[in-house]
Amino acid sequence: MVKINEVSKKYKNNVGNFNINFEVNDGEIYGIIGPNGAGKTTLIRQLLGFIKSDEGEILINEINPQKNSKAVMEFTGYVSGEIVLYETMKGIEYLKLVASLKKGVEWEFVEKLIKHFEIDVTRKIKKMSKGMKQKIALIAATMNKPKFLVLDEPTSGLDPVMQEQFNELMFKLKDEYKTTIIICSHIFEEVAKLCNKVAFIKDGKLIEEFKVVNKDINQIQEKFKTLFAKEVVL
Ligand SMILES: Nc1ncnc2c1ncn2[C@@H]1O[C@H](COP(=O)(O)OP(=O)(O)OP(=O)(O)O)[C@@H](O)[C@H]1O
């Protein structure tokens, strides 16, 4: 589903990301882990064709997003790190608008998602909490059971109950609809529970790809500590 070959994006001062290679198979959940500023969001935006790579090739379901982002977005759901919604709308109005713009939305499934996340969609978005807005964004991104789903720190505002509901939704999409998912996260537990493989990104480089075995959070934590060890300053 996803093939990334020698991809680089250099901002000024040699910041960005460099010679990234990885593949994600159909129906896999792939994690991207790295500290702040490592280049995760830059990579995701290249994957979707929102920013142009300087080098390399990306193929999503055999389509190059850099040449045809629109074609990729037709079968892709995306939740960005900074969620921006139409603040003056009610939740339900926003979801109806998104449903009218996407192909293949069954409203019954949207209703199930609203119930699943236990969210009051009659409220105005501007009066919603960060976590509620995140749920709305997740429903908007998954309402048409997309073939490909890209999530940039999707659960940073969710409480533990909602985290579990998020995990359940990810498994449902993967198992029942064969959705391929890429998820950037700082939450090791989430990555351990959901992902088959994890890429560790440091200073714009993919320094290690790691296979998650038995949903073991300790392995990921240990690997992170080894790869990102820092001298104690304070
Ligand atoms: N438009 C831009 N112009 C110049 N530099 C940029 C631009 N966008 C991002 N950067 C820089 O590129 C680097 C990677 O940023 P990016 O947002 O991809 O990191 P990240 O891993 O997603 O971080 P975080 O976990 O904090 O969200 C950072 O040093 C950032 O300052």
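Residues numbered from 1 in each chain as written. Predicted model: local features only at pLDDT ≥ 70, side-chain atom pairs only at ≥ 80, totals over all residues. Heavy atoms only, no water.

### With respect to the packing of helix H4 (residues 107-116) against helix H6 (residues 160-177)
Relative to each other, H4 and H6 sit at 150°, their axes nearing to 11 Å. Relative to H6, the element H4 is oriented roughly antiparallel. Packed against H4, whose contacting residues are Phe109, Leu113 and His116, the element H6 presents Gln165, Glu168, Leu169, Lys172 and Tyr177 at the interface. When the residues that make up the contact of H4 with H6 are grouped by side-chain class, the tally is four nonpolar, two polar and two charged. (Axes fitted to C-alpha atoms, helices over the stretch in contact; angles between N-to-C directions. Helix = DSSP H or I, 4+ residues; strand = E, 2+ residues; numbered from the N terminus. Parallel < 35°, antiparallel > 145°, perpendicular 65-115°, else oblique. Contact = heavy atoms within 4.5 Å. Nonpolar A, V, L, I, M, F, W, Y, C, P; charged D, E, K, R; others polar.)

### What about the site of the ligand?
For the ligand, the full set of nearby residues is Tyr11, Val15, Pro35, Asn36, Gly37, Ala38, Gly39, Lys40, Thr41, Thr42, Glu153 and His186. Separating an oxygen atom of the ligand from a backbone N or O atom of Ala38 is a distance of 3.1 Å. With respect to the ligand, the backbone of Gly39 contributes an N or O atom lying 2.9 Å from an oxygen atom. Within the complex, 57% of the 640 Å² of free accessible area of the ligand lies under protein. The element best represented in the shell around the ligand is helix H1 (residues 40-47), accounting for three residues. Each residue belonging to the shell around the ligand can be placed in one class, and the counts come to four nonpolar, six polar and two charged. (Near = heavy atom within 4 Å. Polar contact = N/O pair within 3.5 Å; in protein donor to acceptor, adjacent residues only side chain to side chain. Areas by Shrake-Rupley, 256 points an atom, 1.4 Å probe, with all protein chains shown as cover.)

### Remarks on the nonpolar core
Counting residues in each nonpolar core, the largest one holds 47 residues, and the members touching the most others are Leu95, Leu151, Phe166, Met170, Val198 and Ile220. Sort the elements by how many residues they give to this core and helix H5 (residues 130-142) lands first, with seven residues. Judged by nonpolar contacts, the second largest core, of 24 residues, contains Ile20, Ile58, Val72 and Phe148. (Core = buried A, V, L, I, M, F, W, Y, C linked by side-chain atoms within 4.5 Å. Buried < 20%, exposed > 50% of the residue type's maximum accessible area, 1.4 Å probe, protein only.)

### A look at the environment of Ile182
Position of Ile182 relative to the elements: it lies in strand S7 (residues 180-184). The exposure class assigned to Ile182 is buried, which follows from its relative accessible area of 0%. Between the C-alpha atoms of Ile182 and Asp203, which are 21 residues apart in sequence, the distance is 20 Å.

### Remarks on the pattern of salt bridges
Applying the stated criterion across every chain yields a total of eleven salt bridges. Taking the shortest distance from any N to any O, the salt bridge between Lys172 and Glu176 comes out at 3.1 Å. On the criterion of helical spacing, the pair formed by Lys172 and Glu176 is a turn pair, its members being four residues apart in helix H6. Given a relative accessible area of 31%, Lys172 falls into the partly exposed group. Between Lys223 and Glu208 there is a salt bridge, with its nearest N and O atoms 2.8 Å apart. Separated by 15 residues along the polypeptide, Lys223 in helix H8 (residues 217-227) and Glu208 in strand S9 (residues 205-211) bring together distant segments of the chain. The class of Lys223 is partly exposed, set by a relative accessible area of 22%. Through salt bridges with shared partners, a single ionic network connects Glu164, Glu189 and Lys193. (Salt bridge = Lys/Arg side-chain N within 4 Å of Asp/Glu carboxyl O.)

### Re the UniProt feature "domain: ABC transporter" (unreviewed entry) in the protein
The UniProt record marks residues 2-228 with the feature "domain: ABC transporter" (unreviewed entry), using the residue numbering of this structure. With 37% helix and 26% strand, residues 2-228 has end C-alpha atoms that lie 27 Å from one another. (UniProt positions renumbered as here; feature names shortened; annotations may be inferred.)

### Digging into the packing of aromatic side chains
Under the criterion given, the structure shown has eight aromatic pairs. Ring centres 6.0 Å apart and planes at 80° place the aromatic pair Phe109 and Tyr177 in the edge-to-face group. Of the two residues, Phe109 is situated in helix H4 and Tyr177 in helix H6; the sequence distance between them amounts to 68 residues. Within the aromatic cluster, the residues linked to one another by ring pairs are Phe188, Phe200, Phe210, Phe224 and Phe228. Residue placement shows Lys145 over the ring face of Phe109; its charged tip is 4.7 Å from the ring centre. Taking the ring centre of Phe75 as reference, the NZ or CZ of Lys147 above it sits at 5.4 Å. (Phe/Tyr/Trp six-rings, centres within 6.5 Å; stacked < 30°, edge-to-face > 60°. Lys NZ or Arg CZ within 6 Å of the ring centre and 35° of its normal.)

### A few points about unusual backbone geometry
Although it is not a glycine, Glu6 adopts a positive phi angle of roughly 55°. Within the element layout of this structure, Glu6 appears in strand S1 (residues 2-11). Its identity is not glycine, yet Asn14 carries a phi of approximately 60°, on the positive side. In this fold, Asn14 is placed in the loop between S1 and strand S2 (15-24). For Asn14, a relative accessible area of 59% gives the class exposed.

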